[in-house]
Amino acid sequence: MGWLDTLLGRSKPVQPNLDALFALPSAAVTLQAATGLVPTGLGSVCFRAAEGGAFATLERDVHDLLGDRVDKSSDSYGYTWLLVRRSPDDVSDLVTELHAVNSSMEGAGFGPSLLCSLVSFADANGRRLAVVYLYKRGTFYPFAPLSGQHRDNALELQARGALEGELPLEQDLGRWFPVWSAPGL
């Protein structure tokens, strides 16, 4: 970044760090201790699908890699979701597979199409929470949906407090986007 950029208030865009996903298994233990929420074994990757043979080949390769543990769906905004299923006890394996999907897309030149990845949590009282990784920001945030497209803000803030120091959290609460139609949540 040059002096002119500094003078004009420009900043470098944050680079994604997919390896930050590997901090999720230990963060899951901290989250469970603080909130009682346990992993569900479900995680998703959201992206804007592209046309063409290269992207179709990539999707086929991902499906071949994950087999029947992955389901594909689309939401009302035109984004594609890949839902990955693992045992709730295998958060590390789930994160590894989410990382593999993201890395495959990034490596094939489709990194700009990636939106987010998430890992789902729930408790016996029916509370749900996703820890969402924003690809373009390289940060995480908690999302706790309630019925009727409402959010459990108290749970989100409690989760933020528990995850602080464990994960690079998104500081701008305006970027804590709701992912209402996320599969597995």
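Definitions and cut-offs
- Residues numbered from 1 in each chain as written.
- Predicted model: local features only at pLDDT ≥ 70, side-chain atom pairs only at ≥ 80, totals over all residues.
- Heavy atoms only, no water.
- Phe/Tyr/Trp six-rings, centres within 6.5 Å; stacked < 30°, edge-to-face > 60°.
- Helix = DSSP H or I, 4+ residues; strand = E, 2+ residues; numbered from the N terminus.
- Buried < 20%, exposed > 50% of the residue type's maximum accessible area, 1.4 Å probe, protein only.
- 1 Å grid on protein atoms, 1.4 Å probe; cavity = no way out; pocket = protein on both sides within 12 Å on 5 of 7 lines; lining within 4 Å.
- Points joined across faces, edges and corners; volume = space filled by probe spheres on them.
- Nonpolar A, V, L, I, M, F, W, Y, C, P; charged D, E, K, R; others polar.
- Expected span 1.5 Å × (residues − 1).
- Contact = heavy atoms within 4.5 Å.

Asks: Would you explain the packing of aromatic side chains in this entry?
Replies: Two numbers describe a pair of aromatic rings. These are the distance of the centres and the angle of the planes. If you walk through the whole model with that rule in mind, you get 5 aromatic pairs. Summarising the aromatic geometry, the rings of Phe55 and Phe110 are spaced 4.9 Å apart at their centres and angled 85 degrees between planes, so their arrangement reads as edge-to-face. On the criterion of sequence distance, the pair formed by Phe55 in helix α3 (residues 53-66) and Phe110 in the loop between α4 (91-107) and β4 (114-122) is long-range, its members being 55 residues apart. Exposure remark for Phe55: the relative accessible area of 2% places this residue in the buried category. An angle of 20 degrees between the planes, with centres 6.1 Å apart, marks the rings of Tyr141 and Trp176 as stacked. Residue Tyr141 is found in strand β6 (residues 139-143), and its partner Trp176 is found in the segment after α5 (153-163); the two are separated by 35 residues along the sequence. Put simply, the rings of Phe47, Phe55 and Phe110 pair up and form one aromatic cluster.

Asks: Please clarify how unusual backbone geometry should be interpreted in this entry.
Replies: Trans peptide bonds make up the majority, and among non-glycine residues the majority have a negative phi. Backbone geometry at Gln149 places phi at a positive 55 degrees, although glycine is not the residue there. Its location among the elements puts Gln149 in the loop between β7 (145-146) and β8 (150-151). You can call Gln149 exposed: its relative accessible area is 55%.

Asks: Would you mind going over the layout of surface pockets with me for this structure?
Replies: Size it by volume and the largest pocket reaches roughly 240 Å³. In terms of lining residues, the largest pocket is bounded by 14 residues, among which Tyr77, Leu115, Phe177, Pro178 and Val179 are the most central. The residue makeup of the lining of the largest pocket, split by class, is 12 nonpolar, 1 polar and 1 charged.

Asks: Help me out: how do you make sense of α4 in this one?
Replies: In an α-helix, one turn spans 3.6 residues, which is why side chains three or four residues apart end up on the same side. Under the 1.5 Å per step criterion, the end-to-end length of α4 is 24 Å for 17 residues, consistent within 8% with the ideal 24 Å. Every buried residue belonging to α4 is among Val91, Leu94, Val95, Glu97, Leu98, His99, Val101, Asn102 and Met105, and all of these are buried. Buried residues belonging to α4 abut α2 (24-35), β1 (38-47), α3, β3 (80-85) and β4. Looking one or two residues past α4, Gly109 carries a phi angle of roughly 90 degrees, positive in sign.

Asks: Just checking my understanding: could you explain empty space enclosed by the protein for this structure?
Replies: A probe matching the size of a water molecule, rolled over the atoms, marks out where space remains unfilled. Throughout the structure, instances matching the rule amount to 1 cavity of 30 Å³ or more. Computed from the structure, the largest cavity encloses a volume of approximately 40 Å³. Lining the largest cavity are Phe47, Phe55, Leu58, Glu59, Val62, Leu82, Val101 and Met105. Of all the secondary structure elements, the ones that give two or more residues to the lining of the largest cavity are α3 and α4. Tallied by class, residues from the lining of the largest cavity come to 7 nonpolar, no polar and 1 charged.

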